[in-house]
Amino acid sequence: METNDRRNFLKKAAIAGASVAAMPVVSACANSTQRGGSGHPLKTDESIASTLIVPKKAGLQISGTFLDEISHDIPHQNWGEKEWDLDFRYMKSIGIDTVIMIRSGYRKFITYPSGYLLEKGCYMPSVDLVDMYLRLAAKYDMKFYFGLYDSGKYWDTGDLSYEIEHNKYVIDEVWKKYGEKYKSFAGWYISGEISRKTKGVINAFYSMGKQCKDVSNGLPTFISPWIDGKKAVMAAGGQLSKADSVSVQEHEKEWGEIFDGIKGAVDACAFQDGHIDYDELDAFFEVNKKLADKYGLQCWTNAETFDRDMPIRFLPIKFDKLRMKLEAAKRAGYDKAITFEFSHFMSPQSAYLQAGYLYDRYKEYFEIK
Amino acid sequence: METNDRRNFLKKAAIAGASVAAMPVVSACANSTQRGGSGHPLKTDESIASTLIVPKKAGLQISGTFLDEISHDIPHQNWGEKEWDLDFRYMKSIGIDTVIMIRSGYRKFITYPSGYLLEKGCYMPSVDLVDMYLRLAAKYDMKFYFGLYDSGKYWDTGDLSYEIEHNKYVIDEVWKKYGEKYKSFAGWYISGEISRKTKGVINAFYSMGKQCKDVSNGLPTFISPWIDGKKAVMAAGGQLSKADSVSVQEHEKEWGEIFDGIKGAVDACAFQDGHIDYDELDAFFEVNKKLADKYGLQCWTNAETFDRDMPIRFLPIKFDKLRMKLEAAKRAGYDKAITFEFSHFMSPQSAYLQAGYLYDRYKEYFEIK
Amino acid sequence: METNDRRNFLKKAAIAGASVAAMPVVSACANSTQRGGSGHPLKTDESIASTLIVPKKAGLQISGTFLDEISHDIPHQNWGEKEWDLDFRYMKSIGIDTVIMIRSGYRKFITYPSGYLLEKGCYMPSVDLVDMYLRLAAKYDMKFYFGLYDSGKYWDTGDLSYEIEHNKYVIDEVWKKYGEKYKSFAGWYISGEISRKTKGVINAFYSMGKQCKDVSNGLPTFISPWIDGKKAVMAAGGQLSKADSVSVQEHEKEWGEIFDGIKGAVDACAFQDGHIDYDELDAFFEVNKKLADKYGLQCWTNAETFDRDMPIRFLPIKFDKLRMKLEAAKRAGYDKAITFEFSHFMSPQSAYLQAGYLYDRYKEYFEIK
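The paragraphs below set out a description of the structure included in this document. The model shown is predicted, which means the values in this text are computed figures rather than measured ones.

Thresholds applied
Residues numbered from 1 in each chain as written. Chains lettered and ligands numbered in written order. Predicted model: local features only at pLDDT ≥ 70, side-chain atom pairs only at ≥ 80, totals over all residues. Heavy atoms only, no water. Salt bridge = Lys/Arg side-chain N within 4 Å of Asp/Glu carboxyl O. Helix = DSSP H or I, 4+ residues; strand = E, 2+ residues; numbered from the N terminus. Buried < 20%, exposed > 50% of the residue type's maximum accessible area, 1.4 Å probe, protein only. Pairing = 2+ DSSP bridges. Expected span 1.5 Å × (residues − 1). Contact = heavy atoms within 4.5 Å. Right-handed = clockwise from strand over helix to strand, strands pointing away. Phe/Tyr/Trp six-rings, centres within 6.5 Å; stacked < 30°, edge-to-face > 60°. Lys NZ or Arg CZ within 6 Å of the ring centre and 35° of its normal.

Okay, the pattern of salt bridges next. Side chains carrying opposite charge are able to pair once their charged atoms draw close together. Residue and element names in this part refer to chain C. Following the criterion strictly, the structure yields 102 salt bridges over all chains and no others. Measuring nitrogen to oxygen at the nearest pair gives 3.5 Å for the salt bridge that ties glutamate 250 to arginine 196. On the criterion of sequence distance, the pair formed by glutamate 250 in helix H9 (residues 248-262) and arginine 196 in the loop between strand S7 (185-189) and helix H8 (201-215) is long-range, its members being 54 residues apart. Classification of glutamate 250 as partly exposed rests on a relative accessible area of 35%.

Dropping the structure here:
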């Protein structure tokens, strides 16, 4: 209890003299919660605890997170290396051992000085994010997964062959540049986001996954598709949901065919959990697990920590929604939970202050000290 | 003056010795305004005051706030009980004596472990918000109003009969579970948001209000409808305003009929003040007051503290807009001002830092120390 | 290293006694980055620096900023004078010497108690922003530009004659009220935002610019139009880009005619840099500079510090995007860079915490201590 600690400190200080000045200062800031506006004298009473009326630790704990390289729809936080360093420690302290860079580039914005992609007209980044993430992963003994390049052509045309072509070069380049250098390079994320079985998806996933594994002595690969549920709508549009969503049966049929085609080249599938409703979770998760088992894939969940139900797209999710999704994943026997993503939506450092409180609620629920 | 105070403190500390460490630390944090980014050494000069060129205290002071239970369109802050406890103190310190839980549930998300609603398929909440709010209201000597359940069916179908049916059970259950236990249970909010006279609205408001009063020995009830003005548009849509808004005359006619039908079962009406333009306030407020007087209702204003005019929906309102609305309410002789809502849009603790500054501007204008 | 420093401090404190309490406290807050949520004990390691892989200082440094008077599409921060005072110091510390109030009013919201505009039905502001900004500019030895009034009629009708008519009175009034009093009154911003040559634009810009100069003994004037590029879409709408954007050739032709018609009355043109894509910057900037030189205008850039590519409109821009725009401006030989705008999108005080980190990245790149 914070209050008691401080009281004890003050007692000791009275005895010990001057040598203890810095200690209580930090906690004074920590619990002052004085943010917007100036000079508000009130403080939280650290003796107060929340009373949970649900069983604790009934969900699957998150052990991985995407790192958003920020070129798509999540506003940039403009962190420097010291903020990233701190964030890796925040991740680590709640049990995250895996970080996944969501993509190495999107259209012309790229995350490392790729000779190949710069040649193609991409923009030079001011920081080599891949190198930085690999160093931080090594420093904190975490696994780094590299997300492939996304040229945007698939989004524009529905044709995945451009992505295969570009990534032929990117995979080789990246493995030579970083894979052979950093032990923390632990796997590959095949970043093409896909919802249904469409033309070329099986071939694309298979050939990209195969190349990743071949070049890297069999490092694991995974995909993170979305379920074509009712919340599968554009972030920038005016809609929160749509009428024509996929049924569990169609989902099972289409993904059965995909899994059958990609097995051997893809080791895990982490469906995004935010496009379906909370009372649909069990039905879809059960099918996902059944399919994964049948075709020998690991079954992960991509537990979204942002809220798809709000007009501001996107801010951190309500804790109970995250809890229900993690509980469904545990009930379905999933192998691992990762999230999109920690640094904006769960980090005490996030520009969205709701994220730090989500972190608190999460720790409370999982009894993480 | 902060700067001088600190300088004086240092002088005194040099003389007095070590026992004073914690005090100035808090103010050092308070006025450092070091938020985004690291290590900015500049600080506000606390000797500077704003110069107001309008008369102070010419508005009706806010004495009540909704508590948003977060299931609709306001992103969750993920606070635990200690943050709620602090927020009640912030409310109290600017004169708020009434808290109104906006609804006890919306569709499948509910605020307390309702046997009836869980049976219907609603999700179990991790915290009993009703119990927590009632405890905090008791602790700080505030009045708690309970907002009825909203199944969402009215929004989907235009038919209010579902809401009457569900709330028959909810009202009884809640009164037994909390009303008889907590003195702070002080009234009911009939949460159906309505803008015009539509099929069944009079019957619904009357029967729900009547049941609330009957079960609770006549505790007060109120409604908070919206005026069908030009800003009455969907939060998630791309529009900020619409062409076909209600005229003052239509508004008066329709609401005269509604008030006539609900009198006796509803004690106060708090129209939302954000759907009309600032130069329409007087005309609508005058009619609202006239109607309330005629039918024996109290006339409250629901002063929205979020801004409807911005592309981000929603962030805290510009102080001058709030001021104009509260001044119009005072000119019209309104009985009470409540707001939607303090914790996101006016609290120094809010994730939206503009809220804390709105709190400062509000205190400055109402000369609250 | 912060940690060591503090440890050393504690050692020294034990030796030296009590008189040093306040110093390390401020840094404890500064680098604690404990924002969302309570009591997170981790801190940034201040010994870590980012590694930039691009040449530093290759961009044009920002030396001016708009001040948004908040009546249009940027949510209000509700700052009092002491926060504005601090913000001017933050601006100054990165080399900003010019502040431009973007408009003196928009529709019924105005920034100073204008006899003329109040008469026309505008709302009385609670603070005289013009007076405050002029005082702060004087205090910090900065230049203040006054932005003309925008009645909104041009946006509704496409006809600029209303703006000319209103501003006839506003320009005279403002010069008498403030221009003759404050040395910091250093110029005029002709606030009508225009993208293409449309009916009346040349006449409007010319006559308003001429009047500004005539009344003020020739103080400089400038405009800040937008390029009708693919991101020229409504902030509140669902679209991020459009198909029918202007070509460089059309842009050159239309703006050649406009510059020819306004020369002598307008001293500088600061095209907004956010409506075109990053690989179009050089082509448009080259034409802008050529036109400005030909017609004797100064060529400024309005470097937008908010991100037009995100579904939340608007949050601070990714640093690399800002960098690319400032580098393009330097390559094109532009005369000055101003930004829209510092206080929301670059200030360590901003409600958007990403802004403070943008400030850090900006200082790092320009090697500002």
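After that view, the rundown keeps rolling.
With that settled, the discussion passes to the pairing of strand S9 (residues 268-272) of chain B. Residues and elements named next belong to chain B. The element S9 is extensively covered by neighbouring structure, given that 5 of its 5 residues are classed as buried. Alternating positions in S9 separate into two faces, Ala268, Ala270 and Gln272 on one and Cys269 and Phe271 on the other, with burial throughout. Note that strand S8 (residues 221-223) and S9 share 2 bridges and pair parallel. Its bridge partner being in S9, phenylalanine 222 is matched across the sheet by alanine 268.

Residues and elements named next belong to chain C. Spatially, 3 strands are ordered S4-S3-S6 in an open sheet, and the strand pairing comes out mixed. What marks the edges here is a single partner per strand, and that holds for strand S4 (109-110) and strand S6 (149-150). Sheet topology note: the strand S3 (residues 105-106)/S6 ladder contains 2 bridges and is parallel. In the sheet register, glycine 105 faces S6, and the bridge partner there is tyrosine 149.

Residue and element names in this part refer to chain A. Between its first and last C-alpha, helix H9 (residues 248-262) extends 21 Å over 15 residues, near the 21 Å set by a 1.5 Å rise per residue. For H9, the complete set of buried residues consists of Val248, His251, Glu254, Trp255, Gly256, Ile258, Phe259 and Ile262. Against helix H8 (201-215), strand S8 (221-223), strand S9 (268-272) and helix H10 (281-295) lie the buried residues of H9. Among the residues trailing H9, glycine 264 stands out with phi positive, at a value near 95°.

All names here are of chain A. Summarising burial for strand S7 (residues 185-189): 5 of the 5 residues are buried, a large majority. Taken together, the 4 bridges between strand S5 (residues 143-147) and S7 define a ladder with parallel strand orientation. Bridging from a neighbouring strand, tyrosine 145 pairs with glycine 187 of S7. Of the pairings in the sheet, the one linking S7 to S8 comprises 2 bridges and is parallel in character. Bridge pairing in S8 places tryptophan 188 opposite threonine 221. Handedness of the crossover joining S7 and S8 through H8: right-handed.

As a further point, take the side chain of lysine 321 of chain C. Residue placement: lysine 321 of chain C occurs in helix H11 (residues 319-331). By relative accessible area, lysine 321 of chain C is classed as buried at 2%. Aside from chain neighbours lying at most four places away, what touches lysine 321 of chain C is Phe109 of chain A together with Tyr278, Asp307, Asp309 and Met310 of chain C.

Quick look at the packing of aromatic side chains now. Taken as a whole, this structure holds 108 aromatic pairs over all chains when the rule is applied. On the basis of an interplanar angle of 15° and a centroid distance of 6.1 Å, the ring pair of phenylalanine 345 of chain C and tyrosine 352 of chain C is categorised as stacked. The buried category is assigned to tyrosine 352 of chain C, whose relative accessible area is 7%. Over the ring of tyrosine 162 of chain B we find lysine 153 of chain B; its NZ or CZ atom is 4.4 Å from the centre of that ring.

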